[in-house]
Amino acid sequence: MKKLFCVLIAALVLGTMLQGCGSKNDKNDDSQSEETKITAELAYEGVNNYCHEEFDWGPAEENPDIMYVEMGEESDTEYQVIFRSYTGTFDYFYVNKEDGTTRIETYVPALDKTEENGTINLFDYLEKN
């Protein structure tokens, strides 16, 4: 009975000591998530890369003012990046500051109509270092 009691206490002590090891990994996870937070510059770069990859910029070669990407408003949780197409439509990209998920809304001024136009992962359009 004394041996069983000693084994149980040893198991409890060992289990308590192992829990301390887990807290070190938690700190690494926090520092990793801080590294992946999106800055305004990263939001602009990713959306700009997406727009140059997905849209035909040929019509803007002679008149670059008809197509552009620019920063819009910023909230506590997201950045707005605006793409103006040569057709006169605007795509508003709302970039989540925490994880890079980006929702797209398209606005057609001639029709005064806005619609959801999908999502992208900003990290898919950032340069790989």
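Described in the following lines is the structure provided in the data block. None of these values were measured; they are calculated from a predicted model.

Before going further, it helps to spend a moment on the sheet that holds strand 3 (residues 90-96). An order of 1-2-3-4-5 is seen for the 5 strands of this open sheet, with the pairing classed as antiparallel. Lying at the two open borders of the sheet, with one neighbouring strand each, are strand 1 (68-74) and strand 5 (113-121). Strand after strand, the sheet turns through a mean of 25° between neighbouring axes, direction not considered. Bridge count between strand 1 and strand 2 (residues 78-84): 5 bridges; the pairing is antiparallel. Pairing of Glu70 across the sheet is with Ile82, part of strand 2. Contacting strand 1, strand 2, strand 3, strand 4 (101-108) and strand 5, helix 2 (residues 40-54) crosses the sheet at an angle of about 145° to strand 1.

Let us now look at the packing of aromatic side chains. Considering all chains together, one arrives at 6 aromatic pairs under this definition. Look at Tyr50 and Phe93: their rings are 5.6 Å apart centre to centre, the planes differ by 70°, and that puts the pair in the edge-to-face class. Here Phe93 lies in strand 3 and Tyr50 lies in helix 2, a separation of 43 residues in the sequence. Judged by its relative accessible area of 1%, Phe93 is buried. Summarising the aromatic geometry, the rings of Tyr50 and Tyr125 are spaced 5.0 Å apart at their centres and angled 90° between planes, so their arrangement reads as edge-to-face. Pair noted here: Tyr50 is in helix 2 and Tyr125 is in the segment after strand 5, with a separation of 75 residues, a long-range link. Among the residues examined, Tyr125 registers a relative accessible area of 15% and is labelled buried. Site record: aromatic cluster; members linked through ring pairs are Tyr50, Phe55, Trp57, Phe83, Phe93 and Tyr125. Above the plane of the ring of Tyr79 lies Lys97, whose end atom (NZ or CZ) is 4.7 Å from the centre. Over the face of the ring belonging to Tyr94 we find Arg103, whose NZ or CZ atom lies 4.2 Å from the ring centre.

About the cut-offs
- Residues numbered from 1 in each chain as written.
- Predicted model: local features only at pLDDT ≥ 70, side-chain atom pairs only at ≥ 80, totals over all residues.
- Heavy atoms only, no water.
- Pairing = 2+ DSSP bridges.
- Helix = DSSP H or I, 4+ residues; strand = E, 2+ residues; numbered from the N terminus.
- Axes fitted to C-alpha atoms, helices over the stretch in contact; angles between N-to-C directions.
- Contact = heavy atoms within 4.5 Å.
- Phe/Tyr/Trp six-rings, centres within 6.5 Å; stacked < 30°, edge-to-face > 60°.
- Buried < 20%, exposed > 50% of the residue type's maximum accessible area, 1.4 Å probe, protein only.
- Lys NZ or Arg CZ within 6 Å of the ring centre and 35° of its normal.

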